[in-house]
Amino acid sequence: MPTQVLHTNSNVKNVLQIMNAEPSSAPNNNSQQHLMNDETAGGRSPITGRQKITVVILCFVNLINYMDRYTIAGILVDIQRQFRIGDDKGGLLQTAFVISYMICAPVFGYLGDRYNRKYIMAFGVFLWSLTTFVGSYMNEYYLFLFFRSLVGVGEASYSTIAPTIISDMFVKDVRSKMLALFYFAIPVGSGLGYIVGSETARILGSWHWGLRVTPLLGMLAVLLIMFVMEEPERGQSEGYSHLTTTSWSEDIQLLCRNRSFMLSTAGFTCVAFVTGSLAWWGPQIMWSGLKMQEGYEDVTINSVSLNFGIIAMAAGLIGVPLGSYMAQRLKVHYPKADPLICAGGLLISAPLLFLGLALADKYNYLVLALIFFGQVSLNLNWSIVADILLYVVSPTRRSTAEAFQILFSHAFGDAGSPYLIGVISEILKKLFAKGSLPVLMASMTLASNNLQTSIGDKQDNINNFHSLQYALFITSFIEVLGAMFFFFTASYIVKDKELAETETPADNGPVTVQNRYPVDETRLHGHSNPRFVA
């Protein structure tokens, strides 16, 4: 592994003197010192009030971040109606946002590893709040699309940095719990986005007002970040200080060689693909299917978005902490538990969501239950994937790793998935209209609902529903692919965690770490005797 230079804390000599004063069967080494640092810095020290406030602020900003991101999904039909656009351009609104988001993430990741993180985050939150507010006044599609893409620039600065601040304040189970709380805000914020967007538009009579709620909360967040939030020193929780960073190119090379990081990022990319597709098109497919059921012909998209938002919130309330709890319990005895839980969650979610989509035009409450449990299983991943990144990557390149993961997962995940689903849907609509595809399912639906009209608006509704339904079936197969990546991650995660832990302060000044492999038994197996393999 290429060399990295790290410097010691001022109290290391005292620690070494105490260690030398007592006989020991194990030599004095970096593994023992790291274990002591770990116990002192994050495992048993009480959490300060300032740290609690910082976590609350980060969770609040993450909540409104995802509220803003999915507000449009709750009012998408109204936007499509005003701009007279189809599913392809409707999906492009989210894709444009994610493209700018993922392009800017590496830039802010580089800055986050080297400069004041509070100022960078405050700038980002201010920018996306401003562009969201200004964009709500645009009445031309491409201007609206332009401002929507600028929102991604601001959000990139926050998302790449916030998890590293939590990492620098806590370690071990405390870190896992705080990350679970932080990522808990993602599904809850997404659900609130549907609710805030649809209900504000309904109450005030225009979808534009749905986009003006989160900017106000964003300005409050800027003040909290600047004047209340604490920024810890990088590596503080592990007991390091004055860490020397490597070059950006070397950071990227080391990350690309980290198999656990790369494979878990690939698995998370599949999660992002599925999440982006369902979050964007979920309310619309449920609305289209519900309208085809007898007694629901007059249902509105706002009511469906409200129900979908409640389901997303409830699934997040259960899924994210459940995944974190399972990981904390199981990895004490099974070091490979983290990626295996992620894989299992995806394999459970895939058939549930597939059945939910397949039955969306037939059984309302059954479909709601299937989607709920499918999203609970999907949400098991969020905090676990973040925790994997933080314990297999050195503190000096964690922001860069976050940025790399954002870039990769969005580039091949939710950056293109809403647009891709929309394009496939539009192609299938044309094929249905031309009679190029079988309409057996459409005919069965007509018969089951006792609809006697043959050709007309209801047939168009059926074609629109099935085109989007078939396009969304892709997501279940992507989930299975993601599970395979996490299974592969399990093969390397123990060794890569050990390698990351070797990058610790040395006994006397700088040290190279390319040939040293400490194994922290306390972390891996719950035992108390660390060993060192040279």
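Asks: Summarise the overall build of the protein; cite the residues concerned and give the values.
Replies: When you go through the protein residue by residue, the secondary structure sums to 23 helices and two strands. Residue pairs in contact within the protein that sit at least 24 positions apart in sequence constitute 85% of those at least 6 positions apart. Split by element, the accessible area of the protein, about 21,100 Å² in all, is 65% carbon and sulfur.

Asks: An account of a nonpolar patch on the surface is needed here, citing residue identities and associated values.
Replies: Residues Leu340, Leu347, Val480, Met484, Phe487 and Phe488 make up a contiguous nonpolar surface patch of roughly 500 Å² in combined accessible area. For the nonpolar patch, the elements supplying multiple residues, two or more each, are helix H14 (337-358) and helix H21 (474-490). Of the residues forming the nonpolar patch, the biggest block, four residues, is contributed by H21. Along the chain, leucine 347 falls in helix H14. On the basis of relative accessibility, which here comes to 37%, the residue leucine 347 falls in the partly exposed class.

Asks: Pulling in residues and values, what's your account of the pattern of salt bridges?
Replies: Using the criterion set out here, one finds nine salt bridges in the structure. For the salt bridge of arginine 81 with aspartate 78, the shortest nitrogen-to-oxygen distance reads 3.0 Å. Of this pair, arginine 81 and aspartate 78 both sit in helix H4 (residues 76-83), three residues apart, roughly one helical turn. Residue classification places aspartate 78 among the buried positions, given a relative accessible area of 19%. Between aspartate 387 and lysine 331 there is a salt bridge; the shortest N-O distance is 3.2 Å. Taken together, the residues span a long stretch of sequence, with aspartate 387 in helix H16 (residues 381-392) and lysine 331 in the loop between helix H13 (301-330) and H14 at a distance of 56 residues. Three or more residues joined by partner-sharing salt bridges are found here, namely Arg117, Asp168 and Glu231.

Asks: So what's going on with the nonpolar core? Which residues, and what values?
Replies: By size, the foremost hydrophobic cluster in this structure holds 125 residues, and its most contacted members are Leu58, Leu93, Met121 and Phe144. With 14 residues, the single largest contributor to this core is helix H12 (residues 259-291). Contact partners of leucine 93, with chain neighbours within four places excluded, come to Ile72, Leu76, Ile79, Tyr141, Phe144, Leu145, Arg148 and Trp280.

Asks: Quick one: what's the story with the side chain of asparagine 258, residue by residue and with numbers?
Replies: Among the structural elements, asparagine 258 can be located in the loop between helix H11 (248-257) and H12. Of note is the side chain of asparagine 258, whose polar atom sits 3.1 Å from the backbone nitrogen of phenylalanine 261. Residues within four places of asparagine 258 in sequence aside, it is in contact with Val392, Val393 and Asp496.

Asks: Tell me what's going on with the packing of aromatic side chains, and back it up with residues and numbers.
Replies: Within a pair of aromatic rings, the relevant descriptors are the distance that separates the centres and the angle that separates the planes. Taken as a whole, this structure holds 14 aromatic pairs when the rule is applied. Considering the side-chain rings of phenylalanine 261 and phenylalanine 404, the 5.6 Å spacing of their centres and the 50 degrees angle between planes classify their relative orientation as tilted. Within this pair, whereas phenylalanine 261 is found in helix H12, its partner phenylalanine 404 is found in helix H17 (residues 398-414), the two being separated by 143 residues in sequence. Accessibility assignment for this pair places phenylalanine 261 and phenylalanine 404 in one class, buried. Cluster of aromatic residues (ring-pair linked, three or more members): Phe83, Tyr141, Tyr142, Phe144 and Trp207. Looking at lysine 497, its charged tip hangs above the ring of tyrosine 391, at a distance of 4.8 Å from the centre.

Asks: Describe the confidence of the model for the protein, and please don't skip the residues or the numbers.
Replies: For the protein, per-residue confidence averages 77 on the pLDDT scale, and 78% of positions sit at 70 or higher. The low-confidence segment residues 439-455, where pLDDT is below 50, has 22 contacts with residues more than four positions distant or belonging to other chains. Predicted confidence for residues 504-534 stays below pLDDT 50, and this span has 88 contacts to residues more than four positions away or in other chains.

Asks: How would you sum up the packing of helix H9 (residues 172-204) against H16? Please name residues and give values.
Replies: Running from N to C, H9 and H16 point in directions that differ by 135 degrees, and their axes come no closer than 8 Å. As the angle between them shows, H9 and H16 are arranged oblique. Crossing angle aside, the handedness with which H9 passes H16 is right-handed. From H9, Arg175, Ser176, Leu179, Ala180, Tyr183 and Ile186 reach across to H16, where they touch Trp382, Ser383, Ala386, Asp387, Leu390 and Tyr391. Among the residues making up the contact of H9 with H16, the classes are represented as eight nonpolar, two polar and two charged.

Asks: Account for the packing of H14 against helix H15 (residues 364-379), with residues named and values stated.
Replies: The contact between H14 and H15 brings their axes to 8 Å, and the two run at 160 degrees. Considering the angle they form, H14 stands roughly antiparallel to H15. In this structure, H14 crosses over H15, and the sense of that crossing is left-handed. Residue-level inspection shows Gly345, Leu346, Ile348, Ser349, Leu352, Leu353, Leu355 and Gly356 of H14 in contact with H15, the latter providing Val367, Leu370, Ile371, Phe373, Gly374, Gln375, Ser377 and Leu378.

Asks: I'd like a description of helix H22 (residues 493-501), backed by residues and values.
Replies: Counting buried positions along H22 yields seven of nine residues, so the element is predominantly enclosed. Inspection of H22 places Ile493, Asp496, Lys497, Glu498, Leu499, Ala500 and Glu501 among the buried residues, and these make up the whole buried set.

Asks: Describe in detail the environment of glutamate 294, supporting the description with residues and values.
Replies: Along the polypeptide, glutamate 294 turns up in the loop between H12 and H13. Sequence-wise, glutamate 294 and lysine 362 are 68 residues apart; in three dimensions their C-alpha atoms are separated by 9.2 Å.

Asks: Any chance you could break down the environment of serine 149 for me, citing the residues and the numbers?
Replies: With respect to the helices, strands and loops of the structure, serine 149 is situated in helix H7 (residues 141-159). The class for serine 149 is buried, based on a relative accessible area of 16%. For the pair serine 149 and glutamine 94, spaced 55 residues apart in sequence, the C-alpha separation works out to 8.3 Å. Contact partners of serine 149, with chain neighbours within four places excluded, come to Ala96, Phe97 and Ser100.

Asks: Give me the lowdown on H4, citing residues and values where you can.
Replies: Burial within H4 is extensive, with six of its eight residues counted as buried. For H4, the complete set of buried residues consists of Leu76, Val77, Asp78, Ile79, Gln80 and Phe83. Among the structural elements, helix H3 (49-74), helix H5 (87-112), H7, H12 and H13 are those in contact with the buried residues of H4. Just downstream of H4, arginine 84 is the residue with a positive phi angle, here 55 degrees.

Cut-off values and rules
- Residues numbered from 1 in each chain as written.
- Predicted model: local features only at pLDDT ≥ 70, side-chain atom pairs only at ≥ 80, totals over all residues.
- Heavy atoms only, no water.
- Helix = DSSP H or I, 4+ residues; strand = E, 2+ residues; numbered from the N terminus.
- Contact = heavy atoms within 4.5 Å.
- Areas by Shrake-Rupley, 256 points an atom, 1.4 Å probe, with all protein chains shown as cover.
- Patch = residues over 30% accessible without salt bridge, like charges linked within 9 Å, V, L, I, M, F, W, Y side chains within 5 Å.
- Salt bridge = Lys/Arg side-chain N within 4 Å of Asp/Glu carboxyl O.
- Buried < 20%, exposed > 50% of the residue type's maximum accessible area, 1.4 Å probe, protein only.
- Core = buried A, V, L, I, M, F, W, Y, C linked by side-chain atoms within 4.5 Å.
- Polar contact = N/O pair within 3.5 Å; in protein donor to acceptor, adjacent residues only side chain to side chain.
- Phe/Tyr/Trp six-rings, centres within 6.5 Å; stacked < 30°, edge-to-face > 60°.
- Lys NZ or Arg CZ within 6 Å of the ring centre and 35° of its normal.
- pLDDT = per-residue confidence, 0-100.
- Axes fitted to C-alpha atoms, helices over the stretch in contact; angles between N-to-C directions.
- Parallel < 35°, antiparallel > 145°, perpendicular 65-115°, else oblique.
- Left-handed = near helix turned anticlockwise from the far one by under 90°.
- Nonpolar A, V, L, I, M, F, W, Y, C, P; charged D, E, K, R; others polar.

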